[in-house]
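What follows is each chain in one-letter form.
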Amino acid sequence: MTSGENSGKKAGDGTQTSGSGDIARTLELLWDTGRRPSRGPKPGLTLDRIVEAAVQVADAEGLEAVSMRRVAAELDTGAMSLYRYVPGKGELLDLMLDRVQGPSENPAALGDGTWRSALESMGHATLALYRRHPWLLQVNQTRPILGPSALGAMEKVLSRIKPMNLPDRELVSAIILVDSYVVGAARTQLYGEAAEHRTGLTDTEFWAAQVPTLEKVLASGRFPLMAALDEDTWGTDFDHFGWGLQRILDGLEAMVTARAAVTTTPSTHPDPTEANAH
């Protein structure tokens, strides 16, 4: 395995890390500013096809299955042919990350034109993005390489939430707030599905297996508040994700409204020039 294969793989917790390859070369590839490779032995092989094949492998088999050899096999070519286009796994990972944020999967949905609907749409679209590409949760993106898709998505969101009239740092923080909430929700959902797949027990079967013991424990009087909860408290028909997202937006709206009230309230201090006139 070459050093390029090892790049970006792995952090101590099993995740992979964005920005772990050659940053300058990755930026050249993302923004198409570098030297194009000479024609390789495989007709029709392009960087675009390589990235798309890598995404397909990750979607079907998980991020751990992605390697230069595996992607080359998917394209029916040799691994060395890929190195004409991309230096290694670290750079390839960053290209994959930017690819899935492209226009067809842009988390910056339009909404109805208000800043609130823009953030709400972004939240739902980002959750859908993670569900389409679960391997995104295996990538530490605290230091992303900013490509055209990532910047394009951010540009659209900022254009819709600019009417919040917040300082730039707070506008970005509002996006981070919603995104962080979505990541946590996506992880919970996908981990639950993974547990069902690995154990063979459905969610319903898992909780049903605990009912006999829990009924006895709750009848003991040790946990009166838990015992008094409505029977439908843990029902699956409640949209926990949507409820939480709305409360975040409520908080942001209250802040925006309060800020606007402060800036529009006329001063109560007397005008000294008027006082002198009298």
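Relevant structure appears above.
Residues numbered from 1 in each chain as written. Predicted model: local features only at pLDDT ≥ 70, side-chain atom pairs only at ≥ 80, totals over all residues. Heavy atoms only, no water.

Caption draft 1: Region of interest: the overall build of the chain. The secondary structure content of the chain amounts to 14 helices and two strands. For the chain, buried positions account for 35% of its 278 residues. By sequence separation, contacts in the chain at least 24 residues apart represent 76% of the contacts at least 6 residues apart. For the chain, the exposed surface amounts to about 17000 Å²; the carbon and sulfur share of it is 57%. (Helix = DSSP H or I, 4+ residues; strand = E, 2+ residues; numbered from the N terminus. Buried < 20%, exposed > 50% of the residue type's maximum accessible area, 1.4 Å probe, protein only. Contact = heavy atoms within 4.5 Å. Areas by Shrake-Rupley, 256 points an atom, 1.4 Å probe, with all protein chains shown as cover.)

Caption draft 2: Geometry of helix α2 (residues 23–31). If you check which residues of α2 are buried, you get Arg 25, Thr 26, Leu 29 and Leu 30. Each buried residue of α2 sits inside an arc of 135° when the element is viewed along its axis, so together they form one side. For α2, the elements touching its buried residues are α3 (47–61), α6 (89–99) and α8 (148–161). Sitting at the head of α2, Asp 22 places a side-chain oxygen 3.2 Å from the backbone nitrogen of Ala 24. Trailing α2 by a residue or two, Asp 32 shows a phi angle of about 55°, which is positive. (Arc of directions from axis to C-beta. Polar contact = N/O pair within 3.5 Å; in protein donor to acceptor, adjacent residues only side chain to side chain.)

Caption draft 3: A look at the nonpolar core. Judged by nonpolar contacts, the single largest core of 57 residues is most densely connected at Leu 92, Met 96, Leu 119, Trp 135 and Met 164. When residues of this core are traced back to their parent elements, those giving at least two are α2, α3, α4 (68–74), α6, α7 (115–132), α8, α9 (168–199) and α13 (240–264). Element by element, the count of residues in this core is highest for α9, at nine residues. (Core = buried A, V, L, I, M, F, W, Y, C linked by side-chain atoms within 4.5 Å.)

Caption draft 4: Structural view of the layout of surface pockets. In this structure, the largest pocket spans a volume of roughly 1400 Å³. Lining the largest pocket we find 34 residues, and of these Asp 203, Trp 207, Trp 234, Gly 235 and Thr 236 sit closest to its centre. In terms of residue count, α9 provides more of the lining of the largest pocket than any other element does, ten residues in total. Counted by class, the lining of the largest pocket contains 17 nonpolar, ten polar and seven charged residues. The calculated volume of the second largest pocket comes to roughly 980 Å³. Among the residues making up the lining of the second largest pocket, the classes are represented as 20 nonpolar, seven polar and five charged. (1 Å grid on protein atoms, 1.4 Å probe; cavity = no way out; pocket = protein on both sides within 12 Å on 5 of 7 lines; lining within 4 Å. Points joined across faces, edges and corners; volume = space filled by probe spheres on them. Nonpolar A, V, L, I, M, F, W, Y, C, P; charged D, E, K, R; others polar.)

Caption draft 5: Fine view of the packing of aromatic side chains. A complete count under the given rule lists two aromatic pairs for this structure. Aromatic pair Tyr 181 and Phe 241: ring centres 5.5 Å apart, planes at 15°, arrangement stacked. Of this pair, Tyr 181 sits in helix α9 while Phe 241 sits in helix α13, and the two are 60 residues apart along the sequence. Summarising the aromatic geometry, the rings of Phe 206 and Trp 207 are spaced 5.0 Å apart at their centres and angled 80° between planes, so their arrangement reads as edge-to-face. In this structure Trp 207 comes out as partly exposed when scored by relative accessible area, which is 48%. Lying across the ring of Trp 243, Arg 247 places its NZ or CZ 5.3 Å from the centre. (Phe/Tyr/Trp six-rings, centres within 6.5 Å; stacked < 30°, edge-to-face > 60°. Lys NZ or Arg CZ within 6 Å of the ring centre and 35° of its normal.)

Caption draft 6: Fine view of a nonpolar patch on the surface. Nonpolar side chains collect at one region of the surface, where Leu 214, Leu 218, Phe 223, Met 226, Leu 229 and Trp 234 lie side by side and expose about 580 Å² of accessible area between them. Note on placement: Leu 214 falls in helix α11 (residues 211–219). Residue Leu 214 is classed as partly exposed on the basis of its relative accessible area, which comes to 39%. (Patch = residues over 30% accessible without salt bridge, like charges linked within 9 Å, V, L, I, M, F, W, Y side chains within 5 Å. Salt bridge = Lys/Arg side-chain N within 4 Å of Asp/Glu carboxyl O.)

Caption draft 7: Examining the environment of Thr 46 more closely. Inspection of the secondary structure assignment puts Thr 46 in the loop between α2 and α3. Thr 46 sits 39 residues away from Tyr 85 along the chain, and the two C-alpha atoms are 7.3 Å apart.

Caption draft 8: Structural view of unusual backbone geometry. Even without being glycine, Asp 32 reaches a positive phi, approximately 55°. Positive phi outside glycine occurs at Asp 76, with the angle close to 60°. Its location among the elements puts Asp 76 in the loop between α4 and α5 (79–82).

Caption draft 9: Highlighting the pattern of salt bridges. As enumerated under the stated definition, the model contains eleven salt bridges in all. Taking the shortest distance from any N to any O, the salt bridge between Arg 131 and Glu 193 comes out at 2.4 Å. Placement of Arg 131 in helix α7 and of Glu 193 in helix α9 is noted, with a sequence separation of 62 residues between them. According to the relative accessible area criterion, Arg 131 is partly exposed, its value standing at 37%. Put simply, Arg 116, Arg 247, Asp 250 and Glu 253 are held in one network by salt bridges that share partners.

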